[in-house]
Amino acid sequence: MMKERFILPDGLVYLDGNSLGPLPRGAAARVGTTMELEWGRLAIAGWNRAGWIGQPMALGDRIGRLIGAEPGSVSVGDTLSVKVFQLVAAALAMRPERKVVLSDSGNFPSDLYMADGLAEALGDVQLVVVEPEEIAGRIGPDVAVLMLTEVDYRTGRKHDMAALTRAAHEAGALTVWDLAHSAGALPVELAGAGADFACGCTYKYLNGGPGAPGFAYVAPRHADTARTILQGWLGHAEPFAFEPGYRPAAGAERMRVGTPPILQMAALEAALDIWDEVDVSELRARSIVLSERFIAAVESACPDIALVSPRDPEARGSQVSFRFEHGYAAMQALIAHGVVGDFRAPDIMRFGITPLYLSEEDIDVAAGVIAKVMTERLWDDPAYATRSAVT
Ligand SMILES: Cc1ncc(COP(=O)(O)O)c(C=O)c1O
Ligand SMILES: Nc1c(O)cccc1C(=O)C[C@H](N)C(=O)O
């Protein structure tokens, strides 16, 4: 438990770190230092003297430790949506004779939109979307790329990355794994699973802050041959040669595109200082203890809401979701009573279980408030019915 390392809103049990992690205590000072001592005093020299230019790969290695990636195989930058597009495009270019990108209906919409837009731009490629449990059976000789989010953002259902990667490879396909709900949530072994490409964001479990950059993983066996597709100058072998023609950088650095967000990365760096001290297997064990406790308490007190996350803790990520017809209003009532989760249409109440800053006591308080909101029908108040832009 490292609760003292975070600034958490007063009087709230924060169960939304799977959407936006809280502020790490050192982050504001780190951003301040970057602004005042680096940007302020060094100005343009900060790129060299403060090491800004090398930050995407340096931070990539620190994230890499959390996701079982080889050193030098992860670069940080852009948004996750952009990384999805880039990696799916790169993988498609490695299987030009195949025309299908396979994904599932539980994938995050942005991933599906990105792949669909790419398929449309290419003209002869098709995005095929099946139910999550149908994926293994649909992998076949027409599939170029298996594009999956390991942990379903709504239900928390976790795919078997190693098994599906093996199945994809046996069929001659490549894999792109979205780790948005995995990185910092559970142990990930990209190298061990033989994954080809992976990406994720840093503002959820990793606590890098709103707008924190995405990351991209390229397996070392592909790193010197994969086409980056988004051929930005900072993925060039010699950006400051300013050559008119593109030559990709060696290794995974070629997935860099343009100027990295230095101030956001300063906040992320402070968040990763905390992660450097974390044993992800121990974190996972705590996540399971807390999730099981939460499920048991909520289910025993609230017969009206149904667990939609897998009951087997090994089959889910680090979130617990319940289905309730009036889920939006119920979540608003919970927030008003100090328990912050979120709602995902059409009827899912979602709770992130983040052991870095949640204790058994927090879980018990949250379950108690949920029981009160449900048994006293506190959600049944017109004040909770109006939807905001961001849910
Ligand atoms: C699984 C998944 N993929 C992609 C995204 C989109 O990420 P971004 O908004 O950083 O591009 C999100 C969250 O927003 C997500 O949960
Ligand atoms: N990135 C977000 C944002 O800019 C605003 C609100 C929410 C988000 C999210 O990350 C949502 C998240 N991907 C989800 O799992 O629902």
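Residues numbered from 1 in each chain as written. Chains lettered and ligands numbered in written order. Predicted model: local features only at pLDDT ≥ 70, side-chain atom pairs only at ≥ 80, totals over all residues.

Naming follows an unreviewed UniProt entry, where the protein chain appears as Kynureninase of Tropicimonas omnivorans. Its UniProt record gives the protein chain the following Function (unreviewed entry) comment, quoted word for word: "Catalyzes the cleavage of L-kynurenine (L-Kyn) and L-3-hydroxykynurenine (L-3OHKyn) into anthranilic acid (AA) and 3-hydroxyanthranilic acid (3-OHAA), respectively." Here is the UniProt Subunit (unreviewed entry) comment for the protein chain, exactly as written: "Homodimer." (UniProt positions renumbered as here; feature names shortened; annotations may be inferred.)

Trainee: Explain the overall build of the protein chain here, please?
Mentor: Of regular secondary structure, the protein chain possesses 13 helices and 15 strands. For the protein chain, whose C-alpha radius of gyration is 21 Å, the value lies close to the compact-globule estimate of 21 Å for 391 residues. Projected onto its principal axes, the C-alpha coordinates of the protein chain cover approximately 70 × 55 × 40 Å. Scored against the burial criterion, the 391 residues of the protein chain give a buried share of 48%. Partitioning the contacts of the protein chain with sequence separation of at least 6, the portion at a separation of at least 24 is 71%. (Helix = DSSP H or I, 4+ residues; strand = E, 2+ residues; numbered from the N terminus. Rg over C-alpha atoms; globule rule 2.2 N^0.38 Å. Buried ≥ 20, exposed ≤ 12 C-beta atoms within 10 Å, placed from the backbone. Contact = placed C-beta atoms within 7 Å.)

Trainee: Quick question: what am I supposed to make of the sheet that holds strand β12 (residues 319–323) here?
Mentor: The pairing of strands in a sheet comes from backbone hydrogen bonds and takes either a parallel or an antiparallel form. Overall, antiparallel pairing links the four strands, which are arranged β11-β12-β15-β14 in an open sheet. The open sheet has two edge strands with one neighbour each: β11 (306–307) and β14 (342–344). Summarising the sheet, β12 and strand β15 (residues 348–352) pair through five bridges and their orientation is antiparallel. The residue of β15 that forms the bridge with Phe322 is Met349. Across the sheet, helix α11 (residues 280–301) lies against β11, β12 and β15, angled at about 20° from β12, the strand it touches most. (Pairing = 2+ DSSP bridges. Axes fitted to C-alpha atoms, helices over the stretch in contact; angles between N-to-C directions.)

Trainee: Even after reading the chapter, I still don't get the UniProt feature "binding site: pyridoxal 5'-phosphate" (unreviewed entry) in the protein chain, so can you show me in this structure?
Mentor: If you check UniProt for "binding site: pyridoxal 5'-phosphate" (unreviewed entry), the listed places come out as Leu80, Ser81, Phe108, Pro109, Ser110, Asp111, Thr149, Asp178, His181, Tyr203, Trp233 and Thr259 in our numbering. The greatest C-alpha distance among the residues just named is 29.9 Å, and with 180 residues of sequence between them they are spread in space as well. With respect to the helices, strands and loops of the structure, Ser110 is situated in helix α5 (residues 109–122). The exposure class of Ser110 is partly exposed, given the 16 C-beta atoms found within 10 Å.

Trainee: Honestly, unusual backbone geometry in this entry has me stumped. Any pointers?
Mentor: Negative phi values dominate among residues other than glycine, just as trans dominates among peptide bonds. In this structure, the amide linkage connecting Ala345 to the following residue, Pro346, adopts the cis form with an omega of 5°. Along the polypeptide, Pro346 turns up in the loop between β14 and β15. Here the phi dihedral of Asp78 falls at roughly 65°; this positive angle occurs in a residue that is not glycine. Within the secondary structure layout, Asp78 lies in the loop between β4 (74–76) and α4 (80–93).

Trainee: Can you help me understand the packing of helix α1 (residues 27–42) against helix α10 (residues 262–275) in this one?
Mentor: The packing of two helices is summarised by the inter-axis angle and the distance between the axes. For the pair α1 and α10, the least separation of the axes is 8 Å and the interaxial angle reads 140°. It follows that α1 is oblique to α10 by the angle criterion. Pair α1 / α10 crosses with right-handed handedness. Contacts between α1 and α10 pair Ala27, Arg30, Val31, Thr34 and Met35 from the former with Ile262, Leu263, Ala266, Ala267, Glu269, Ala270 and Ala271 from the latter. Class assignment of the residues belonging to the contact of α1 with α10 gives a composition of nine nonpolar, one polar and two charged. (Parallel < 35°, antiparallel > 145°, perpendicular 65-115°, else oblique. Left-handed = near helix turned anticlockwise from the far one by under 90°. Nonpolar A, V, L, I, M, F, W, Y, C, P; charged D, E, K, R; others polar.)

Trainee: Teacher, can you tell me more about the nonpolar core here?
Mentor: For soluble globular proteins, the rule of thumb is that nonpolar side chains tend to be buried together. Judged by nonpolar contacts, the single largest core of 77 residues is most densely connected at Val88, Ala91, Val101, Val145 and Leu146. Excluding residues within four positions of it along the chain, Val101 makes contact with Val88, Leu92, Ala115, Ala119, Val125, Leu127, Ala144, Val145 and Met147. (Core = buried A, V, L, I, M, F, W, Y, C linked by C-beta atoms within 7 Å.)

Trainee: For this particular structure, what's the right way to read the site of ligand 2?
Mentor: The environment of ligand 2 is formed by Ser19, Phe108, Tyr153 and Val390. Grouping the constituent residues of the shell around ligand 2 by class yields three nonpolar, one polar and no charged. (Near = placed C-beta within 6 Å.)

Trainee: I tried to follow helix α12 (residues 327–336) on my own but got confused; where do I start?
Mentor: Along an α-helix, residues three or four positions apart point the same way, because every turn accommodates 3.6 residues. Among the 10 residues that make up α12, eight are buried, leaving the element largely enclosed by the rest of the structure. Two residues or fewer past α12, Gly338 is found with a positive phi of approximately 90°.

Trainee: Explain the sheet that holds strand β5 (residues 100–104) here, please?
Mentor: A sheet is described by the order of its strands in space; here seven strands give the open sequence β4-β10-β9-β8-β7-β5-β6, paired in mixed fashion. The two strands at the open ends of the sheet, each matched to only one other strand, are β4 and β6 (126–130). Taking each pair of neighbouring strands and ignoring which way they run, the sheet shows an average axis angle of 20°. The pairing of β5 with β6 spans five bridges and is classified as parallel.

Trainee: What exactly am I supposed to notice about the environment of Arg247 here?
Mentor: With respect to the secondary-structure elements, Arg247 resides in the loop between α9 (220–223) and α10. Classification of Arg247 as partly exposed rests on a count of 13 C-beta atoms within 10 Å. Sequence spacing of Arg247 and Gln231 is 16 residues, and the spatial spacing of their C-alpha atoms is 8.8 Å. Not counting residues within four places of it along the chain, the set of residues in contact with Arg247 comprises His236 and Ala237.

Trainee: Honestly, the site of ligand 1 in this entry has me stumped. Any pointers?
Mentor: For ligand 1, the set of nearby residues contains 13 residues, the closest of which are Thr79, Leu80, Ser81, Phe108 and Ala180. Broken down by secondary-structure element, the contributors of at least two residues to the shell around ligand 1 are α4 and α5.

Trainee: So what exactly am I meant to see when it comes to the UniProt feature "modified residue: N6-(pyridoxal phosphate)lysine" (unreviewed entry) in the protein chain here?
Mentor: Mapped onto the present numbering, the UniProt feature "modified residue: N6-(pyridoxal phosphate)lysine" (unreviewed entry) falls at Lys204. For Lys204, the location among the structural elements is in the loop between β9 (197–201) and β10 (214–218). Once residues within four sequence positions are removed from consideration, Lys204 is found in contact with Gly17, Asn18, Ser19, Leu20, Gly21, Ala180 and His181.

Trainee: What exactly am I supposed to notice about helix α7 (residues 161–170) here?
Mentor: Among all positions in α7, only Met161, Leu164, Thr165 and Ala168 are buried. One side of α7 carries all its buried residues, which in axial view fall inside an arc of 100°. Away from its buried face by more than 90 degrees, α7 exposes Ala163 and Glu170. One or two residues past the end of α7 sits Gly172, with phi positive at roughly 85°. (Arc of directions from axis to C-beta.)

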